[in-house]
Amino acid sequence: QVQLVESGGGLVQPGGSLKLSCAASGSIASIATMGWYRQIPGKQRELVAAITSGGSTTYADSVKGRFTISRDNAKNTVFLQMNSLKPEDTAVYYCNADIRLISMLTWKNYWGQGTQVTVSS
């Protein structure tokens, strides 16, 4: 099976920075798009940023210019560098990936367990 394991969340003051990491492991043949979503209690999960295997990126308007998504294809890992953090960035951040397993022809979408990011003074 596949696991997505996030790390790097925590408490940071407004204006500070954090870097999230998400490593995919298992019988992986290929990974297409990888992304980060976030969710606040009582609200829908929303896309923060995504990156294709070729490096094309997409960002939510609210994080453009502050967050940077990147990936290491050799290590099946995606990163989210978050700068100039604001209290409204406080949420649980989830990693997401479209993965094809070895000996499978179809793709499946996977989620990590989530990591809490709290921006507060």
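Everything numeric here is computed off the predicted structure, so don't read it as measured data.

Caption draft 1: Geometry of the nonpolar core. Residues Trp-36, Leu-80, Met-82, Tyr-93 and Ile-99 are the most contacted members of the largest nonpolar core, which totals 31 residues. Mapped onto this core, the elements with two or more residues apiece are strand E1 (2-7), strand E3 (18-26), strand E4 (28-39), strand E5 (46-51), strand E7 (67-72), strand E8 (77-82), strand E9 (91-101) and strand E11 (115-119). In this view, Met-82 contacts Gly-16, Ser-17, Leu-18, Leu-20, Arg-66, Phe-67, Tyr-93 and Val-117; residues no more than four positions away in its chain are not counted.

Caption draft 2: Fine view of the pattern of salt bridges. Scanning all chains against the criterion turns up four salt bridges. For Arg-66, the salt bridge goes to Asp-89, with nearest N and O atoms at 2.8 Å. On the criterion of sequence distance, the pair formed by Arg-66 in the loop between strand E6 (57-59) and E7 and Asp-89 in the loop between E8 and E9 is long-range, its members being 23 residues apart. Of the two residues, Arg-66 and Asp-89, neither departs from the other in class, the shared state being buried. Bridged by salt links that share partners, the residues Arg-38, Glu-46, Arg-66 and Asp-89 form one connected network.

Caption draft 3: Looking closely at the side chain of Arg-66. Take Arg-66: its relative accessible area is 11%, and that puts it in the buried class. Within polar-contact distance, the side chain of Arg-66 engages the backbone oxygen of Ser-84 at 2.9 Å. In this structure, Arg-66 is in contact with Gln-81, Met-82, Asn-83, Ser-84, Leu-85, Lys-86 and Asp-89, ignoring residues within four places of it in sequence.

Caption draft 4: Structural view of the pairing of E9. Within E9, eight of the 11 residues are buried, leaving the element largely enclosed by the surrounding structure. Where E4 and E9 come together, nine bridges link them in antiparallel fashion. Bridging from a neighbouring strand, Ile-28 pairs with Leu-101 of E9. Pairing of E9 with E11, which is carried by three bridges, proceeds in the antiparallel orientation. For Tyr-93, the partnering residue across the bridge sits in E11 and is Thr-115. Pairing of E9 with strand E10 (residues 107-111) involves five bridges; the strand directions are antiparallel. Within the sheet, the bridge partner assigned to Asp-98 lies in E10 and is Asn-109. Two successive antiparallel strands, E9 and E10, enclose a turn made up of five residues, where Ser-103 displays a positive phi of approximately 70°.

Caption draft 5: Looking closely at unusual backbone geometry. A positive phi angle is found at Ser-84, which is not glycine, with a value near 50°. Its place among the elements puts Ser-84 in the loop between E8 and E9. Even without being glycine, Ser-103 reaches a positive phi, approximately 70°. Topologically, Ser-103 is positioned in the loop between E9 and E10.

Basis of the calculations
- Residues numbered from 1 in each chain as written.
- Predicted model: local features only at pLDDT ≥ 70, side-chain atom pairs only at ≥ 80, totals over all residues.
- Heavy atoms only, no water.
- Core = buried A, V, L, I, M, F, W, Y, C linked by side-chain atoms within 4.5 Å.
- Buried < 20%, exposed > 50% of the residue type's maximum accessible area, 1.4 Å probe, protein only.
- Helix = DSSP H or I, 4+ residues; strand = E, 2+ residues; numbered from the N terminus.
- Contact = heavy atoms within 4.5 Å.
- Salt bridge = Lys/Arg side-chain N within 4 Å of Asp/Glu carboxyl O.
- Polar contact = N/O pair within 3.5 Å; in protein donor to acceptor, adjacent residues only side chain to side chain.
- Pairing = 2+ DSSP bridges.

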